[in-house]
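Coordinate analysis (summary)
Read off the chains here:
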Amino acid sequence: MTLITETVPVARQTSFAASPFASPAMLWLLSAVIVCSAWEIAGRYPISPAFPPFTDTMAALFAMILDGSLPKALLITLKPLSIGLIVSVFLGVGLGVLMGLNRFAEWLGSPLFIIAQSAPLAALIPILTFAYGIGLTSKILTVCIMAMPVIVLNSLNAVRHTPASLIEMGQSFLSTRWQLILKVILPAASPVIFAGLRLGCAAGFIGVILAELLITPTGIGDIITYNQSIAEYENMYAAIFAIIVFSVVFIMLLERLEAVMFRPEKRAAS
Amino acid sequence: MYIGKFRLPIMSSLLIWAALWEIAGRTGASFIIPPLSRIFARIIEIVPTPAFGDALWITGKAFILGNIIAICIGVPLGVLMGRSVIADRIFLPWVNMFLSSPLSALVPVIMVIFGAGQTTIVLTVVLFAIWIVVLDARAGVRNITPSLVEMARSFGANRFQAFSKIFVWAALPEILAGVRLGMIRAVKGVVIGQLLVSIVGFGRLFEIYSSRFLMEHFWALLFVLFAFAFAINEALAWLERRFEYFAASRN
Amino acid sequence: MTAAVAQKSAAPRAMVEVRHISKTYAGGVEALNDLSIDFAEGQLTSLLGPSGCGKTTLLKIIAGLIPATGGEVKVDGRVVTGPGPERAFVFQDFALMPWASVMRNVAFGLELKGMARSEREAVAEKYIASVGLKGFEKAYPHELSGGMRQRAGLARALAVNAKVLLMDEPFSAVDEQTRRKFQEDLLELIAREQKTFLFVTHSIEEAVYVSDRIIILSHRPSQVSSIVEPAIVRGGGPDQIRRDPAYLDTVESIWQSLKRYLD
């Protein structure tokens, strides 16, 4: 008997794709170069006075990093984001798992989150501002309303769709209700729950930026709004570039973490 | 959820929440939460007004135009990525990046280039909707069973026939799923765009209502919007289920 | 042909007694209606029948995993009200926890009992070796072939030392060659372990090959159609059994009796 390792065949690989020129990294680099040059040319041409070239934007980016204004703004933005995400993660997973385990809780709670997931909840921001003022609380709550629905619904579905045979297995080996939840249902659900957390974090980023643009300009939102108003577009673009790169890197790290923690089959393959 | 033998409908718990809301509103604890009955009365009052009609028309136009652009670019790009390794490697990192990046940060960019108007909102809709359309069309094409492609080839289908008679149909369940998810994102995009631009469509109404503290009007508008979003989602989900039968028979 | 088909010979003590069991599902599907069967101690009894005849339902009722609508099941003289320590289940789709190693999967029943780690791992190690998985203790289910996964599932059921092993089509998700090897190993295991085996299968050859007694069920709602006790000499090794005229005759006669349910 030998170990059977699962090899995933790469779909329709041509001989060209296998050459080093067309390696994924090369092609990615190539497309990045094309996009940046297109940005540069469009900015130099210029297609719009409000469209600075790539190089100017990067220069502004490094200037703002070096004088400390960008890192400072990022820290300010991170405050409502991280608090909001921590609250959403704990509350969201808790509610979702509860609804997955308890039919009554699901009946009572899930319609709210199902509607919330398809609804444009950003429109609630003005109401949050009325209720909680223009301070930190409103911004935290904005992050929460954007991030929570997907976290809750993923947790609910993950728990609800635990393979029936695993549950029967637990029961037939005489697990108590708690053992079944802790040793079978939650481990089986955790990959999907974690995927929900990743989506929730992405939504939280959207929320925090909206909050900083709509409620009061602080942090990155302040740099964007201020430079927009005085037509310093390089700085504005640099700040947007920075927050997008930051969030993409953050989400990528979460994806890595997910692969390491929950996908033994992927871990073995790579 | 059962009470005895009687099965409660899925969304029936909303009635309980509505009752709680009504009670909370009646106590007058906060001007932010007016009684639900008054909000519904306000919906009936607002919806026939020309201001609402104009806003709906402008918003609907931006939503539909944005979605058409997103589908017309997104589906072919996704099919291309599903068929060509090179195209896939060039575009996939960007698609994945934009799919999970905070697109709300890009709205100010669109705004400074295209001005605070309808164009910006249409482009915001495209920006929100397109990535998931691309990704699902790609997944649909990649999921086609190789034997189906070989079948077409063995019966002598040419490239165009293979594309129009096999690929598009075989990938249709995923493409539709992508369109539905894209539209949900588009609803969010159109509202976020209008909130940020705030002089067009519902964004303008939101601005007027909130600056005059008309909470009943504000909630009425929100409810109408949420109902639209929910209805669009359900209608597309129903359409998707009609095509599910061959998605299930495929794997 | 009738020589191989001995009708209801006197059996040793009944380990599992099924009395007037009925099961109607919520949708109105009647899977079982007033079914009574005895399963003898220390034997391997197969439940064989057309697909969808309710054999898996019966096995899960005996396991205590689903409640019967009527009647009762006694195992070792006690009425079944739910899963119990005297029964262990082997699942059709293995039901291994993908996040846990073979060791943890096999020791899982003991873990749930609260047995100390070193103790339960010693027990598990023994059974992992006895099903032929020695060296794979640290492997994860996705690293194993289908047959090996089911060996782990079998080891898990053996590890809790139950008197009755309930096997629900254990080899149906395993390819033909692996299945043959597995069947041979199972016969050895049965000889070694003094347990009562209940075995659900849809393969006639498999039932005849491994069983002391075969209960053939009719269409839904299931009735006992006939009971066959293959008169096969098991001493001579697997190849002899498969060439034994009694084996071939039994397979043929069961096929003749089942054929009428196919339309």
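1. A short note on the overall build of chain A
A count of helices and strands for chain A gives 12 helices and zero strands. Residue burial in chain A is summarised as follows: out of 270 residues, 50% are buried. Contacts in chain A between residues at least 24 apart in sequence constitute 73% of all its contacts with a sequence separation of at least 6. Accessible surface for chain A amounts to roughly 12700 Å². Of this, 72% is attributable to carbon and sulfur atoms.

2. Focus: the pattern of salt bridges
Applying the stated rule across the entire model yields 29 salt bridges over all chains. Residue Arg142(B) is joined to Asp88(B) by a salt bridge in which the shortest nitrogen-to-oxygen separation is 3.4 Å. Note that Arg142(B) is positioned in helix H6 (residues 118-142) and Asp88(B) in helix H4 (residues 85-100), a separation of 54 residues in sequence. Given a relative accessible area of 34%, Arg142(B) falls into the partly exposed group. Classification of Asp88(B) as buried rests on a relative accessible area of 7%. A salt bridge links Glu229(C) to Arg213(C), with the nearest nitrogen and oxygen atoms 3.1 Å apart. On the criterion of sequence distance, the pair formed by Glu229(C) in the loop between strand S10 (224-228) and helix H8 (238-243) and Arg213(C) in strand S9 (residues 213-217) is long-range, its members being 16 residues apart. For the pair Glu229(C) and Arg213(C), a shared accessibility class is recorded, and that class is buried.

3. Quick look at the sheet that holds strand S4 (residues 70-75) of chain C
Residue and element names in this part refer to chain C. With respect to topology, four strands assemble into an open sheet ordered S2-S1-S4-S5, the strand pairing being antiparallel. Two strands close off the open sheet at either side, each with one partner strand: strand S2 (30-40) and strand S5 (78-79). For strand S1 (residues 14-24) and S2, the ladder comprises seven bridges, and the chain directions are antiparallel. Residue pairing in the sheet places valine 16 in a bridge with phenylalanine 39 of S2. Contacts from helix H1 (residues 55-63) reach S1, S2 and S4, with the element oriented near 65 degrees to S2.

4. Considerations on helix H8 (residues 164-172) of chain A
Three or more residues of H8(A) are buried, namely Ser165(A), Leu166(A), Glu168(A), Met169(A), Gly170(A) and Ser172(A). The inward-facing, buried residues of H8(A) contact helix H9 (177-214) of chain A together with H1, strand S6 (87-90), helix H3 (108-113) and helix H5 (146-159) of chain C. Downstream of H8(A) by one or two residues, Leu174(A) has phi in the positive range, about 65 degrees.

5. Focus: the interface of chain B and chain A
Listed as interface residues are 56 residues of chain B and, on the opposing side, 54 residues of chain A. Overall, the association of chain B and chain A removes approximately 5000 Å² of surface from exposure, summing both partners, and the carbon and sulfur fraction of that is 80%. At the junction of chain B with chain A, the criterion picks out zero salt bridges. At the boundary of chain B and chain A, one finds nine residue pairs in polar contact (both at pLDDT 80 or more). Elements supplying a minimum of two residues to the side of chain B that touches chain A: helix H1 (13-27), helix H3 (50-83), H4, helix H5 (107-114), H6, helix H9 (172-197), helix H10 (201-211) and helix H11 (215-242) of chain B. It is H11(B) that provides the largest number of residues to the side of chain B that touches chain A, a total of nine residues. Each residue belonging to the side of chain B that touches chain A can be placed in one class, and the counts come to 44 nonpolar, eight polar and four charged.

Calculation notes
Residues numbered from 1 in each chain as written. Chains lettered and ligands numbered in written order. Predicted model: local features only at pLDDT ≥ 70, side-chain atom pairs only at ≥ 80, totals over all residues. Heavy atoms only, no water. Helix = DSSP H or I, 4+ residues; strand = E, 2+ residues; numbered from the N terminus. Buried < 20%, exposed > 50% of the residue type's maximum accessible area, 1.4 Å probe, protein only. Contact = heavy atoms within 4.5 Å. Areas by Shrake-Rupley, 256 points an atom, 1.4 Å probe, with all protein chains shown as cover. Salt bridge = Lys/Arg side-chain N within 4 Å of Asp/Glu carboxyl O. Pairing = 2+ DSSP bridges. Axes fitted to C-alpha atoms, helices over the stretch in contact; angles between N-to-C directions. Buried area = accessible area lost by both parts, 1.4 Å probe. Polar contact = N/O pair within 3.5 Å; in protein donor to acceptor, adjacent residues only side chain to side chain. Nonpolar A, V, L, I, M, F, W, Y, C, P; charged D, E, K, R; others polar.

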